[in-house]
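A closer look at the structure
Below are the chains, spelled out letter by letter.
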There are 2 protein chains.
Amino acid sequence: MFVNRVRRAGDNHVPDTEKPASAGKEQPRRRQARGERRIAQLLQAAASVFCTSGYSAASTNAIAREAGVSPGTLYQFFPNKEAIAIELGDQLMHRMRETYGEALAPVDPATPLEEAVAAAVDRFIAFNTEHPVFFTLMHGTDIPGRIAEEHDALHSTLVGRIEGLLSSLLPDTPQDVVTRTAHVCLGIYKAGLELVLTHEGAEREAYVQEVKNVLIRYLEPLGGDRLGRA
Amino acid sequence: MFVNRVRRAGDNHVPDTEKPASAGKEQPRRRQARGERRIAQLLQAAASVFCTSGYSAASTNAIAREAGVSPGTLYQFFPNKEAIAIELGDQLMHRMRETYGEALAPVDPATPLEEAVAAAVDRFIAFNTEHPVFFTLMHGTDIPGRIAEEHDALHSTLVGRIEGLLSSLLPDTPQDVVTRTAHVCLGIYKAGLELVLTHEGAEREAYVQEVKNVLIRYLEPLGGDRLGRA
DNA sequence: CCAGAATGCGAGCGACCACTCGTGTTTGTC
DNA sequence: GACAAACACGAGTGGTCGCTCGCATTCTGG
């Protein structure tokens, strides 16, 4: 016989205005302000522990301890360990969408290649340095299937955006070449991100510049003279 | 009270001519042909299981089952799970040294950049497609410390080799720039390797070519006209 | 102020897994 | 053939970790 507990962890935002309609299952569970605070605490603690240990090596007890609560309290708000990573991933994905929306959306063919690349790289790297967990969750080989799906979805979205950007810069190019080029660009960025994150200060800045150089030099010869060479 | 078992797993090659000298601890344990065969079997099984599950998710029982032996038999030849990965890593490292010795050693400044890059990339990619475990062991975030050390050692060695190659091509370049460039090159290669391994056939070949393109276009502008432009 | 819900606790349960041990079988040696 | 050593087995052990349960405490609506 199962308990009817928890089951509602991904509910921050939409805090009020419960929907009492629909089929009679999964009844609300009103959340108090204290609970919302606990959830934020737990997610922050989880982020910290995931960063240092990786997902599967991180124990739920360690997360609870880091958050200063008991294991039981953790499971008051999350049905299982995976749900913590899911919620963390969802929140990051949400903020990510805000960021890369600005970073890649404006496919203005007037802007020169160097500026476009520099702006996109800067934004993405800023996001990853602000949220180190993101890198851990997206690059861990031991992550639960659901997060891997989110990663794949993000990856596909990014490739799609880059494809759009590329095909507006290189109009007469076969689709498969555009797709491949987009994948290569994203791969270059990921490799560069790793290098950037393992360095500090001036050295880090130098690597950021190198990533931009690699991308620009890779893309420049493709467009003939259509890519504004400033 | 400890058992005096096993403790000798990394001993293939040097099969005969035991050294009965030295301090009286760790007595030999002569290995029969059957045992050598089992070790090979187990390593192959471990490679297979590591590839599909990753290191920490792979259970020793699963490895034994894959090899068609009992868990006890596995521990007849390896003191623990980590030792299996170590031995596997050592063997791969050995073959790797043979490969990259040929791939990066000849720092002949006469060969044009494109050829040097193409040769190195081809060899390394061939090695990784022949030994998929290598990629798993070197990129897993959940690997034991000892393998991580081996990975770091290999990484440093490779960076050193690339530095040598670069500074012979770009003589009047500050050392820190050379080092950074070498790291970037290796990063590009690794990212490319991942792309290559996730594709098959003609698509794979196309990605191989792209990796070469990225490296060449990245390095070409650095050397002024010293880099032979064919 | 007082039910009832939400929150909080922490010992403990069950499952899994690396690893062991007692015992039986094969192989090499004299 | 006899003895020892290497090999093989697989049920079992200890420890870890995700997760639970009964109960105490705090909040909220009426």
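Since the structure is predicted, the reported quantities are computational estimates derived from the model, not experimental observations.

Rules used throughout
- Along each chain, residues carry numbers from 1 onward, in the same order as the chain's sequence is written.
- Naming scheme: in the order in which they are written, chains are lettered from A and ligands are numbered from 1.
- pLDDT decides what is reported in this predicted model: residues at 70 or higher carry local features, side-chain atom pairs at 80 or more are listed and counted, and totals for whole chains, interfaces and linings draw on all residues regardless.
- To obtain the side-chain values, all non-hydrogen atoms of the structure were used and water was disregarded.
- Every helix listed is a DSSP run of H or I at least four residues long, and every strand listed is a run of E at least two residues long, numbered separately from the N terminus.
- When a residue's accessible area, from a 1.4 Å probe over protein chains only, is under 20% of the maximum for its type it is buried; when over 50% it is exposed; and in between it is partly exposed.
- Two residues qualify as a contact provided that any one of their heavy atoms is within 4.5 Å of a heavy atom in the partner residue.
- We count a salt bridge whenever a side-chain nitrogen from Lys or Arg sits within 4 Å of a carboxyl oxygen from Asp or Glu.
- To form a nonpolar core, buried Ala, Val, Leu, Ile, Met, Phe, Trp, Tyr and Cys residues must be joined to one another through side-chain atoms within 4.5 Å.
- For this analysis, a ring pair means two rings from Phe, Tyr or Trp (six-membered ring only for Trp) whose centres lie within 6.5 Å, classed as stacked if their planes differ by under 30 degrees, edge-to-face if by over 60, and tilted for the remaining angles.
- Look at NZ for Lys and CZ for Arg. If either is within 6 Å of the ring centre and within 35 degrees of the ring normal, a charge sits over the ring.
- Simply put, the buried area is the total loss of 1.4 Å probe accessible area from both parts when two parts are fitted together.
- Within 3.5 Å is the distance limit for a polar contact, defined as a pair of N or O atoms, with the added protein rule that one can donate a hydrogen and the other accept it, and that residues adjacent in sequence qualify only through two side-chain atoms.
- The angle between two axes is taken between their N-to-C directions and runs from 0 to 180 degrees, where each axis is a line fitted to C-alpha atoms and a helix contributes only its stretch in contact.
- For this classification, under 35 degrees means roughly parallel, over 145 means roughly antiparallel, 65 to 115 means roughly perpendicular, and everything else is oblique.
- A clockwise turn of the near helix away from the far one marks a right-handed crossing, whereas an anticlockwise turn of less than a right angle marks a left-handed crossing.
- In this scheme, a helix's expected span is set at 1.5 Å multiplied by one less than its residue total.
- Confidence of the predictor at the level of single residues is given by pLDDT, which spans 0 to 100.
- Fitting of the copies onto one another was done by least squares over C-alpha atoms, counting residues only where both copies have pLDDT of at least 70.
- Positive charges come from Lys and Arg, negative ones from Asp and Glu, while His and the chain ends are left out of the count.

Each helix and strand in chain A was counted, giving nine helices and zero strands. Reading the helices (α) and strands (β) of chain A from amino to carboxyl end gives α-α-α-α-α-α-α-α-α. Of all 230 residues assigned to chain A, the portion counted as buried reaches 45%. Look at the contacts in chain A between residues 6 or more apart in sequence, and 70% of them connect residues 24 or more apart.

Let us look at the pattern of salt bridges. Using the criterion set out here, one finds eight salt bridges over all chains in the structure. Of the charged contacts, one joins E203(B) and R180(A) as a salt bridge, the two residues approaching to 3.3 Å between their closest N and O atoms. With E203(B) in helix 9 (residues 201-219) and R180(A) in helix 8 (residues 175-197), this pair bridges two chains. Residue class for R180(A) comes out buried when judged on its relative accessible area of 11%. Two residues, E200(B) and R204(B), come together in a salt bridge whose shortest N-O distance is 3.7 Å.

Turning next to the nonpolar core. Core analysis: the largest hydrophobic core is formed by 130 residues, its most contacted members being F50(A) and F50(B). In this structure, F50(B) is in contact with Y55(B), A58(B), I63(B), A85(B), L88(B), V133(B), T136(B) and L137(B), ignoring residues within four places of it in sequence.

Under the definition given, this model contains six aromatic pairs over all chains. Taken together, a centroid distance of 5.4 Å and an interplanar angle of 50° make the contact between F50(B) and Y55(B) tilted. In this pair, the class of F50(B) matches that of Y55(B), namely buried. A cation sits over an aromatic face here: K81(A) above Y55(A), 4.7 Å from the ring centre. Lying over the aromatic face of Y207(A), R180(B) brings its terminal NZ or CZ to 6.0 Å of the ring centre.

The partner chain B presents 21 residues to the 21 residues of chain A that form the contact. Carbon and sulfur atoms supply 65% of the area buried between chain A and chain B, which totals about 1,900 Å² over both sides. When residues of chain A are sorted by the area they lose upon contact with chain B, R180(A), R217(A) and Y218(A) head the list and together hold 31% of the total. Our count for the chain A to chain B interface comes out at two salt bridges. Linking chain A with chain B are eight residue pairs in polar contact (both at pLDDT 80 or more).

Further remarks concern the packing of helix 8 of chain A against helix 8 (residues 175-197) of chain B. Their axes nearest at 9 Å, the elements helix 8 of chain A and helix 8 of chain B cross at an angle of 130°. Classified by the angle their axes make, helix 8 of chain A and helix 8 of chain B are oblique. Two packed elements cross with a definite hand, and for helix 8 of chain A against helix 8 of chain B that hand is right-handed. Listed contacts from helix 8 of chain B to H183(A), V184(A), G187(A), A191(A) and L195(A) of helix 8 of chain A are H183(B), V184(B), G187(B), A191(B) and L195(B).

The next point concerns helix 7 (residues 145-169) of chain A. Counted at 1.5 Å a residue, the expected span for helix 7 of chain A with its 25 residues is 36 Å, and the 36 Å between its end C-alpha atoms agrees. Every buried residue of helix 7 of chain A is accounted for by I147(A), E150(A), H151(A), L154(A), L158(A), V159(A), I162(A), E163(A), L165(A), L166(A) and L169(A).

With that settled, consider the confidence of the model for chain A. All names here are of chain A. Per-residue confidence for chain A gives a mean pLDDT of 85; residues scoring 70 or more make up 82%. Here residues 1-25 is a poorly scored stretch, pLDDT under 50, and it has 23 contacts once near neighbours within four places are set aside; other chains count. Per-residue pLDDT stays below 50 along residues 226-230; that stretch engages in 13 contacts with residues further than four places along the chain or on separate chains.

Okay, the relation of the copies chain A and chain B next. With an RMSD of 0.1 Å, the operation that places chain A on chain B is a rotation of 180° combined with a shift of 0.0 Å along the axis. What the superposition gives is, in effect, a two-fold axis relating one chain to the other. Interface overlap between copies: 100% of the residues of chain A at the interface are likewise at the interface in chain B, consistent with a symmetric, same-surface contact.

This part takes up helix 5 (residues 113-130) of chain A. Along its 18 residues, helix 5 of chain A runs 26 Å from first to last C-alpha, staying within 8% of the 26 Å computed at 1.5 Å per residue. Taken residue by residue, helix 5 of chain A has L113(A), V117(A), A118(A), A120(A), V121(A), F124(A), I125(A), F127(A) and N128(A) as its buried positions.

This part covers the side chain of E210(B). Tracing the backbone through its elements, the reader meets E210(B) in helix 9. This buried residue, E210(B), is left without a salt bridge; R180(A) holds the nearest opposite charge, at 5.1 Å. With residues up to four places along the chain from it excluded, the contact list for E210(B) reads R180(A), V184(A) and Y218(A).

Now for the environment of R31(A). With respect to the element layout, R31(A) can be found in the segment before helix 1 (33-53). For the pair formed by R31(A) and F77(A), sequence separation is 46 residues and the distance between their alpha carbons is 9.8 Å.

In this section: the side chain of R217(B). Relative to the helices and strands, R217(B) is located in helix 9. Among buried charged residues, R217(B) stands out as having no salt bridge; its nearest opposite-charge side chain is E210(B), 5.4 Å away. Once residues within four sequence positions are removed from consideration, R217(B) is found in contact with R217(A), Y218(A), P221(A) and L222(A).

Residue and element names in this part refer to chain B. Contact pair helix 5 (residues 113-130) / helix 6 (residues 132-139): the axes reach a minimum separation of 4 Å and the direction vectors enclose 95°. Classed by the angle they form, the pair helix 5 and helix 6 counts as roughly perpendicular. Between helix 5 and helix 6, the contacting residues are F127, N128, T129 and E130 on the first element and P132, F134 and F135 on the second.

Attention now goes to the environment of I84(B). Residue and element names in this part refer to chain B. Within the secondary structure layout, I84 lies in helix 4 (residues 81-104). Sequence separation between I84 and L42 is 42 residues; the distance between their C-alpha atoms is 8.5 Å. Ignoring anything within four residues of it in the chain, the contact list for I84 reads L43, A46, I63, L74 and F78.

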